[in-house]
Amino acid sequence: MGRLIAIANQKGGVGKTTTAVNLAVALAADHRKVLLVDLDPQGNASSGVIADTRLGELKSSGRTVYEAMVGDLPIADAIREARGDRLHLAPSGPALVGAEIELATREGRERALKRILDPIRDRYAFIIIDTPPSLGLLTLNSLVAADSVIVPMQCEYYALEGLTALLDTIRRVRAALNPKLEIEGLVLTMFDARNRLSHEIGREVQKHFPDKIFESVIPRSVRMSESPSHGLSVLEYDAKSAGAEAYRNLAAELIARVSGAGAKTGNGAEPAAGAARSWSLRALFARDRERSRR
Ligand code: ATP
Ligand code: MG
């Protein structure tokens, strides 16, 4: 049975889609079969893995997550190959904007996504869901369908603000709708190693969530912000860049967590496989201490 992971944070622009796309591509590159589900009406995850030339047809095809969730399209008919048979995409389309309203009055409205994903779960090693920047019905659907949540945290002021609301929502979903929902981990995104604030936020998150923070840290990089406009992950756009390394590390760390090896990577524990490189919390904090001694 594949692991179903929602990438969620109701704050906008914190790196949810970038994480969903790059993690999906990194897992697929590691020979895992992956389904990327784009549950955001903005459709950025879809355009992040599909070239412009195919995108128009895809979004206007009437075969997207929307028709599967709200209508009766079999989800298999919405799924497309994004990188051959390794990475599949269930695309979003503009119609998904209406889904929250259309589902609102239906019975079982929180389970619409679970209903369509459950039957195909065993076809994938990982199903990664990109969610919109809100705690609305679409995000709720992803939390009800998922085994776990990855929370990208942008390294800026107020990074922790709003986390309480997300954790509360997760707690409520656990109590009422999906008792097995776990927090897979928090991942620091757009980390700028030269910026004091990035280190401060990193330490703060580590202090509060020592067993939940991923050792792999995602650096802020121009290559990362350029890659989506080419319909490519940063791993394909510039395989040697720091961002590509970071997302490969995150994928390796996730695989290790899920398979039980190096499950906890917080204080004192050995970093999980793949994380013991330059873009790890440990290495960044060590370099920062070194610098402040000088
Ligand atoms: P939304 O809430 O709107 O869905 P999001 O949380 O999905 O946003 P992204 O779209 O992944 O966030 O990222 C926001 C912007 O920041 C994008 O333009 C993206 O290319 C850029 N970005 C994301 N991660 C990085 C990074 N590590 N370095 C540089 N730019 C980044
Ligand atoms: Mg997004």
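See the structure shown above.
Residues numbered from 1 in each chain as written. Chains lettered and ligands numbered in written order. Predicted model: local features only at pLDDT ≥ 70, side-chain atom pairs only at ≥ 80, totals over all residues. Heavy atoms only, no water.

A. Expanded view of the packing of helix α8 (residues 137–145) against helix α9 (residues 163–176). Viewed as axis vectors pointing N to C, α8 and α9 meet at an angle of 55°, and their least axial separation amounts to 10 Å. Relative to α9, the element α8 is oriented oblique. Seen along the crossing, α8 lies across α9 with a hand that is right-handed. Touching Leu140, Leu143 and Val144 of α8 are Thr169, Ile170 and Val173, all from α9. Looking at the contact of α8 with α9, its residues break down into 5 nonpolar, 1 polar and no charged. (Axes fitted to C-alpha atoms, helices over the stretch in contact; angles between N-to-C directions. Helix = DSSP H or I, 4+ residues; strand = E, 2+ residues; numbered from the N terminus. Parallel < 35°, antiparallel > 145°, perpendicular 65-115°, else oblique. Left-handed = near helix turned anticlockwise from the far one by under 90°. Contact = heavy atoms within 4.5 Å. Nonpolar A, V, L, I, M, F, W, Y, C, P; charged D, E, K, R; others polar.)

B. Quick peek at the packing of helix α1 (residues 16–29) against helix α13 (residues 242–258). Contact geometry of α1 with α13 gives a least axis separation of 9 Å together with a crossing angle of 70°. Our classification of the angle between α1 and α13 gives roughly perpendicular. Of α13, the residues touching α1 (which contributes Thr18, Thr19, Asn22, Leu23, Ala26 and Leu27) are Tyr247, Arg248, Leu250, Ala251, Leu254 and Ile255. Of the residues contributing to the contact of α1 with α13, the split by class is 8 nonpolar, 3 polar and 1 charged.

C. Region of the structure containing the pattern of salt bridges. Applying the stated criterion across every chain, the model contains 21 salt bridges. Lys11 is paired through a salt bridge with Glu156; the nearest N and O atoms lie 3.7 Å apart. One end of the pair, Lys11, is in the loop between β1 (3–7) and α1; the other, Glu156, is in the loop between β6 (148–154) and α9, with 145 residues separating them in the sequence. In this structure, Glu215 and Arg282 form a salt bridge, with 3.8 Å as the shortest nitrogen-oxygen distance. Of this pair, Glu215 sits in the loop between α10 (196–208) and α11 (222–226) while Arg282 sits in helix α14 (residues 281–293); the two residues are 67 residues apart in sequence, bridging distant segments of the chain. Arg282 gets classed as partly exposed once you look at its relative accessible area, which sits at 36%. In this structure, a network of salt bridges that share partners links the residues Arg196, Glu200, Arg203, Asp288 and Arg291. (Salt bridge = Lys/Arg side-chain N within 4 Å of Asp/Glu carboxyl O. Buried < 20%, exposed > 50% of the residue type's maximum accessible area, 1.4 Å probe, protein only.)

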